[in-house]
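# Coordinate analysis (summary)
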Amino acid sequence: MTDLVLVLGALAAAAAGLWAWRRYHPVSFWYGVAFPARAVLVYLTWHHVASGCKLTRNRRRFRLTLDAIPVMGPASRSAATVVEHKRRVRRIDVERSPRLGLLRPTRLGWRMRLRLHDGQVPADYEKAAEGIAHAWRVHAVRVVDVRPGYVTLWATMRDPLIDVVTTPETGDLLTVRPGKLENGRDWVIDFRTVPHWLNAGATQSGKSNLANAIIKALAPQPVALVGFDLKGGVEFTPYAPRLSALATTRKESVDLLSDLVGEVEARMAVCRAHGARNVWTLPEHLQPVPVVVLVDEVAELFLMADKSEKDEVTRTATALLRVAQLGRAFAVHLIVCGQRIGSDLGPGVTALRAQLSGRVCHRVNDPETANMTLGDLDPAALDAARAIPAETPGVCVVAGQDGSWHRARSVYVPEHSAEQAARDHAHLTPDWDALISSVPTVGPDWPEAA
Ligand SMILES: Nc1ncnc2c1ncn2[C@@H]1O[C@H](COP(=O)(O)OP(=O)(O)OP(=O)(O)O)[C@@H](O)[C@H]1O
Ligand SMILES: [Mg+2]
């Protein structure tokens, strides 16, 4: 009796200890207890799971068997038989699962490498990923790395996009970290790698929050910020202290866009004179201030109330397209936000969209918008965008120009926080007239110029 009480007491103490470990130090609990237990489960169930998800293959094998063959006894006509054992080679089918490599723990789950069977392609595993996730009761399983003959699957125990906290900005020029990717890494937007971005999504899906995050991150950097806000300026006017120029009417937009085209052409002339292909290969003292142009609700730029506006709309569309086409080499970058960016807005829009190689698709109400934003990518990216629920604003599918895509979420940046950043760094705002009147060099106020 006392022994039983002692055993029960020890079990209760161990359970309480594990609970406290998990509660107060989840990271070490995961690596020390939960992951090893998971790994055992994964190895034990892999064959069964692979078979259920149709990832196994039948392999033909030849096996030597010892068969008992009844033979009639030679001296007897009776029913008595003699059993003779004969060796035979038999052909049998064996179900083989893809070979599973070593499981490597990550902060939110684990990675595992699989060897493809002959004839299998990574898409087979993408199709099976949801089934595997359900079988192992994890949040998601994704194909994250493909090498010839191998795929790496990444399993996550819970959605990393529920609470998004980013690492501090590094301050690298034209690089911002507006949120987190689903793989737990920082979402990095580097305008020097992907120069222009399309930021699409339904109303209240998180487009302006992403713009806020970008403005807040760029405010301390030596860049000129320019805004187009035809919703009467309500979105961007609070950031005016850090904006070098802001257009809130169509007339202002036409003028500002013609300034931008002129600026791009001037930079192009300087590059030509110095035999440089882009501004980054110019001598350092000639490198101009990068310009980041934010357009909120791009449809407003293209909408026509009556025919009298047609000329202005055409000029706007042409100028915006020129900035997009030429700006990439001359440090003029675009972030175009909108609910729908389709050909229904006019002929120039499709060409503009093609120039915006960085894509962010927030929650959408209609499949066409997801199609317009991500249509030229993997169909799985479209499915992921269409599955974003309304209760998680800021969650989006991000795709760069290399075709890879990720689920991501911007960090929540309330307006007042971005406004504060704009005020705090107002002294870094380049003067627009000075910027366009001469091809600017890095100014004396920038820390880098010192
Ligand atoms: N990353 C995020 N994390 C948490 N909440 C967010 C995030 N992004 C947006 N939200 C919430 O969603 C609300 C709507 O976001 P936002 O204003 O960015 O949407 P929008 O797409 O710009 O909408 P609209 O088209 O109406 O301008 C915000 O007020 C904020 O409360
Ligand atoms: Mg908005």
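About the cut-offs
Sequence order as written defines the numbering, with residues in each chain counted from 1. Naming scheme: in the order in which they are written, chains are lettered from A and ligands are numbered from 1. Local features in a predicted model are, by the rule used here, given only for residues with pLDDT of at least 70; side-chain atom pairs are given and counted only at 80 or more, and totals for whole chains, interfaces and linings are based on all residues. Heavy atoms from the whole structure form the basis of all side-chain values; hydrogens and water molecules are not counted. Take the buried residues of types Ala, Val, Leu, Ile, Met, Phe, Trp, Tyr and Cys, join any two whose side-chain atoms come within 4.5 Å, and each joined set is a nonpolar core. Only protein chains enter the accessibility calculation, which uses a 1.4 Å probe; a residue whose area is less than 20% of its type maximum is buried, one above 50% is exposed, and one in between is partly exposed. Secondary structure elements are defined from DSSP: runs of H or I of at least 4 residues count as helices, runs of E of at least 2 residues count as strands, and each element is numbered from the N terminus. Should any heavy atoms of two residues lie within 4.5 Å, those residues are considered in contact. In this description, strands pair whenever DSSP reports at least two bridges between them. Note on geometry: axes are C-alpha line fits, over the in-contact stretch for helices, and angles between N-to-C directions span 0 to 180 degrees. In predicted models, pLDDT denotes the confidence assigned by the predictor to each residue on a 0 to 100 scale. Any residue with a heavy atom positioned within 4 Å of a molecule or strand is treated as near that molecule or strand. In protein, a polar contact means a hydrogen-donor-capable atom and an acceptor-capable atom, both N or O and within 3.5 Å, with residues adjacent in sequence counting only if both atoms are side-chain atoms; elsewhere, any N or O pair within 3.5 Å suffices. Computed with a 1.4 Å probe, the accessible areas rest on the Shrake-Rupley method; for each residue, only the protein chains presented here act as cover. Site definitions follow a grid-based scheme: protein atoms alone, a 1 Å grid, a 1.4 Å probe that fits but cannot get out for cavities, and for pockets an open set with protein on both sides within 12 Å along at least five of seven lines, plus lining residues having an atom within 4 Å of a point. Grid points are joined across faces, edges and corners, and a volume is the space filled by probe spheres set on the points. Three classes are used: nonpolar for Ala, Val, Leu, Ile, Met, Phe, Trp, Tyr, Cys and Pro, charged for Asp, Glu, Lys and Arg, and polar for all others, with Gly counted as polar. Domain delimitation follows an automatic or database domain assignment. Helix span, expected: 1.5 Å multiplied by one less than the number of residues in the helix. Between 30 and 60 degrees the pair is tilted, below 30 it is stacked and above 60 it is edge-to-face, where a pair is any two Phe, Tyr or Trp rings, Trp via its six-membered ring, whose centres lie within 6.5 Å. By definition here, charges over rings are those cases where NZ of Lys or CZ of Arg is within 6 Å of the ring centre and within 35 degrees of the ring normal. We define buried area as the total accessible area lost by two parts upon association, computed with a 1.4 Å probe and summed across both. Salt bridge criterion: a side-chain nitrogen from Lys or Arg within 4 Å of a carboxyl oxygen from Asp or Glu.

## What to know about the nonpolar core
Core analysis: the biggest nonpolar cluster contains 44 residues, and Phe228, Leu260, Val291, Val293, Phe302 and Leu334 have the highest contact counts within it. Broken down by element, this core gets its largest block of residues, seven residues, from helix 5 (residues 250-273). Those residues within four positions of Leu334 in sequence are excluded, and the remaining contacts are Pro195, His196, Trp197, Val293, Leu320, Val323, Ala324, Leu352 and Leu356. One finds Ile215, Tyr239, Ile335 and Val360 within the second-largest nonpolar core, a separate group that totals 33 residues.

## Considerations on the sheet that holds strand 3 (residues 104-105)
Here we have four strands laid out as an open sheet, ordered 3-4-6-5, and antiparallel in their pairing. The two strands at the open ends of the sheet, each matched to only one other strand, are strand 3 and strand 5 (140-147). Direction of pairing for strand 3 relative to strand 4 (residues 109-115): antiparallel, over a ladder of two bridges. Residue pairing across strands places Pro105 opposite Trp110, the latter belonging to strand 4. Packing against the sheet, helix 2 (residues 26-52) makes contact with strand 3 and strand 4, and its axis sits at approximately 30° to strand 4. Contacting strand 4, strand 5 and strand 6 (150-156), helix 3 (residues 122-136) runs over the sheet at an angle of about 150° to strand 5.

## Focus: the confidence of the model for the protein chain
Parts of the model with low pLDDT should not have their predicted coordinates read in detail. Model confidence for the protein chain is summarised by a mean pLDDT of 87, while 94% of its residues fall at 70 or above. Note on residues 440-450: pLDDT is under 50 here. Beyond four places in sequence and across chains, it has 24 contacts.

## Observations concerning the sheet that holds strand 12 (residues 291-296)
Read across the open sheet, the ten strands follow the order 8-7-16-15-14-9-13-12-10-11; overall the sheet is mixed. Looking at strand neighbours, the two that pair on one side only are strand 8 (186-190) and strand 11 (243-247), the edges of this open sheet. Across the sheet, the axes of successive neighbouring strands diverge by a mean angle of 25°, strand direction being ignored. Alignment of strand 10 (residues 224-229) against strand 12, held across six bridges, turns out to be parallel. Paired with Val226 across the bridge in strand 12 is Val293. Packed on one face of the sheet, helix 10 (residues 379-386) meets strand 14 (358-361), strand 15 (395-399) and strand 16 (405-410) and runs near 25° to strand 16.

## With respect to the environment of Arg99
In this fold, Arg99 is placed in the loop between strand 2 (81-96) and strand 3. For Arg99, a relative accessible area of 56% gives the class exposed. Placed 226 residues apart in sequence, Arg99 and Gln325 show a C-alpha to C-alpha distance of 47 Å. Once you skip the residues sitting within four places of it in the chain, Arg99 turns out to touch Arg113, Leu114 and Arg115.

## Here we look at the site of ligand 1
In the neighbourhood of ligand 1, 15 residues make up the surrounding shell, with Thr203, Gln204, Ser208, Asn209 and Ser410 lying closest. Contact between ligand 1 and Ser205: an oxygen atom at 3.1 Å from a main-chain N or O atom of the residue. Interatomic distance of 2.8 Å between a side-chain N/O atom of Lys207 and an oxygen atom of ligand 1. Relative to its free-state accessible area of 630 Å², ligand 1 is covered by the protein chains to the extent of 78%. When residues of the shell around ligand 1 are traced back to their parent elements, those giving at least two are helix 4 (207-218) and strand 16. At three residues, the largest contribution of residues to the shell around ligand 1 is made by helix 4.

## As for the layout of surface pockets
Taken as a whole, the largest pocket encloses approximately 1200 Å³ of empty space. As for the largest pocket, its lining consists of 39 residues, of which Val141, Arg142, Val143, Glu182 and Trp405 are closest to the centre. Looking at the lining of the largest pocket, the elements that each hand over two or more residues are helix 3, strand 5, helix 10 and strand 16. Residue classes in the lining of the largest pocket are distributed as 18 nonpolar, seven polar and 14 charged. Residue contributions to the lining of the largest pocket reach at least three from each of two domains, namely domain 1 (81-158) and domain 2 (175-449).

## Let's talk about the environment of Leu173
Turning to its location among the elements, Leu173 is positioned in the loop between strand 6 and strand 7 (175-181). By relative accessible area, which is 26% here, Leu173 ends up partly exposed. The sequence separation of Leu173 and Cys361 amounts to 188 residues, and the corresponding C-alpha distance is 25 Å. The contacts of Leu173, once residues within four sequence positions are left out, are Arg192, Gln221, Pro222, Val223, Trp280 and Pro290.

## Considerations on helix 7 (residues 310-327)
In a regular helix each residue adds 1.5 Å, so 18 residues correspond to 26 Å; helix 7 covers 25 Å between its end C-alpha atoms and thus fits that length. Listed as buried for helix 7 are Val313, Thr316, Ala317, Ala319, Leu320, Leu321, Val323, Ala324 and Gly327. Packing partners of the buried residues in helix 7 comprise strand 9 (196-200), helix 5, helix 6 (299-302), strand 13 (332-338) and helix 8 (347-355).

## A closer look at the packing of aromatic side chains
Applying the stated criterion across every chain, the model contains six aromatic pairs. For the ring pair Phe236 and Tyr239, a centre distance of 6.4 Å and an interplane angle of 45° mean the geometry is tilted. Across this residue pair, the class does not change: Phe236 and Tyr239 are buried. Through a chain of ring-to-ring contacts, the aromatic side chains of Trp46, Trp110 and Trp136 assemble into a single cluster. Its end group placed over the ring of Tyr150, Arg113 keeps NZ or CZ at 4.6 Å from the ring centre. Over the aromatic face of Trp280 sits the side chain of Arg192, whose NZ or CZ is 4.0 Å from the ring centroid.

## Topic: the domain arrangement of the protein chain
Domains assigned within the protein chain are domain 1 (81-158) and domain 2 (175-449). Domain 1 and domain 2 are separated by 43 Å when their C-alpha centres are compared. Counting from both sides, the interface comprises eight residues of domain 1 and, opposite them, five residues of domain 2. Both sides of the domain 1 and domain 2 interface together cover about 470 Å² of buried area, and 46% of this is carbon and sulfur. Counting every contact that joins domain 1 to domain 2 gives one salt bridge. A salt bridge links Arg142 to Glu182; its shortest N-O distance comes to 2.6 Å. Where domain 1 meets domain 2, there are one residue pair in polar contact (both at pLDDT 80 or more). Elements supplying a minimum of two residues to the side of domain 1 that touches domain 2: strand 5 and strand 6. Each residue belonging to the side of domain 1 that touches domain 2 can be placed in one class, and the counts come to three nonpolar, two polar and three charged.

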